[in-house]
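Fold and contact review
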Amino acid sequence: MKIKSRSQLRKNEKNKMVKDLISIFGDSVSGLADRVFEKINTDEFSLILAGGKPLFFEIEGQLFPTVRGALELGLQQRLVVVDKGAVRFVSNGADIMSPGVVDADPEIKEGDFVIIVEETHRKALAIGKALMDGPQMVEADSGKAVKSITYVGDKIWSLEI
């Protein structure tokens, strides 16, 4: 992944981003207002650095936490919880199948971006796009529940800035 440009965001752009994130994730992200935000455009993604760390990325015109961002901020909204058997596959970039989902935020709607966490410690493993509503993910016996976008160990995770 090649970095094409890097620039510091203006205060009004940063404040809008923080406001949008608070509307999704609540006050757990309000501490970001103190950090310097930079935007990095790569050949694949636009990343937002908060305090020098790639905590967010832009996808389909929306700002969403990276796996590192979800871990660092301890986010507890838009979670899809997978069982122990799915961890190995999810950590390698596999899509999330319904039988592996043990719990999901009931507020999740099809098309939402979600944070995939493991059952035991509730640590983020991946970021994906919901292919069905939250309650349906838990109830379904077959089919894909979430399309994986980024995961622990991928290019975004390993990016050195």
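Everything below is about the structure printed above this text.
Here is a short report on the structure shown in this document. (Residues numbered from 1 in each chain as written. Predicted model: local features only at pLDDT ≥ 70, side-chain atom pairs only at ≥ 80, totals over all residues. Heavy atoms only, no water.)

**Some thoughts on the overall build of the protein**
Broken down by element type, the protein carries five helices and 11 strands. Relative to the globule expectation of 15 Å for 161 residues, the C-alpha radius of gyration of the protein, 15 Å, shows essentially globular dimensions. Along the first, second and third principal axes, the C-alpha set of the protein runs to 45 × 30 × 25 Å. Per-residue burial for the protein yields a buried fraction of 44% across its 161 residues. A fraction of 56% describes how many contacts in the protein between residues 6 or more apart in sequence connect residues 24 or more apart. One way to put it: in the protein the 22 positive side-chain charges average out to a point 7 Å from where the 24 negative ones average out. (Helix = DSSP H or I, 4+ residues; strand = E, 2+ residues; numbered from the N terminus. Rg over C-alpha atoms; globule rule 2.2 N^0.38 Å. Buried < 20%, exposed > 50% of the residue type's maximum accessible area, 1.4 Å probe, protein only. Contact = heavy atoms within 4.5 Å. Lys, Arg positive; Asp, Glu negative; His and termini not counted. Charge placed at Lys NZ, Arg CZ, Asp CG, Glu CD.)

**Focus: the sheet that holds strand E8 (residues 101-104)**
Ordered by their spatial adjacency, six strands build an open sheet running E7-E11-E10-E9-E6-E8, and the pairing between neighbours is mixed. Looking along the sheet, the strands with just one partner apiece sit at the ends: strand E7 (96-97) and E8. Note: strand E6 (residues 79-82) against E8, three bridges, orientation antiparallel. Following the sheet pairing, Val81 is matched in E8 by Asp103. (Pairing = 2+ DSSP bridges.)

**Overview of the nonpolar core**
In this structure, Leu32, Phe37, Phe56 and Ile115 are the most contacted members of the largest nonpolar core, which totals 33 residues. Excluding its chain neighbours within four sequence positions, the residues that come into contact with Ile115 are Phe25, Phe64, Ala70, Leu75, Gln77, Arg78, Leu79, Val80, Ala124, Ala126 and Ile127. In this structure, Val101, Val114, Met137 and Ala140 belong to the second largest nonpolar core, which totals 18 residues. (Core = buried A, V, L, I, M, F, W, Y, C linked by side-chain atoms within 4.5 Å.)

**Some remarks on the pattern of salt bridges**
Tallied over the full model, the rule gives nine salt bridges. One salt bridge in this structure joins Glu72 and Arg35, with 3.1 Å as the shortest N-O distance. With Glu72 in helix H2 (residues 67-73) and Arg35 in the loop between helix H1 (11-25) and strand E2 (37-42), this pair connects stretches of sequence that are 37 residues apart. A relative accessible area of 34% means that Glu72 is categorised as partly exposed. (Salt bridge = Lys/Arg side-chain N within 4 Å of Asp/Glu carboxyl O.)

**So, the sheet that holds strand E1 (residues 3-8)**
Read across the sheet, five strands follow the order E1-E2-E3-E4-E5 without closing on themselves; strand pairing throughout is antiparallel. Only two strands of the sheet have a single partner each, and these edge strands are E1 and strand E5 (62-65). Recorded for the sheet is a direction-independent mean angle of 30° between the axes of neighbouring strands. Across five bridges, strand E3 (residues 46-50) lies against strand E4 (residues 53-59) in antiparallel orientation. Across the sheet, Ile48 pairs through a bridge with Phe56, a residue of E4. Strands in contact with H1 are E2, E3, E4 and E5; relative to E5, the strand with the most contacts, it is inclined by about 65°. (Axes fitted to C-alpha atoms, helices over the stretch in contact; angles between N-to-C directions.)

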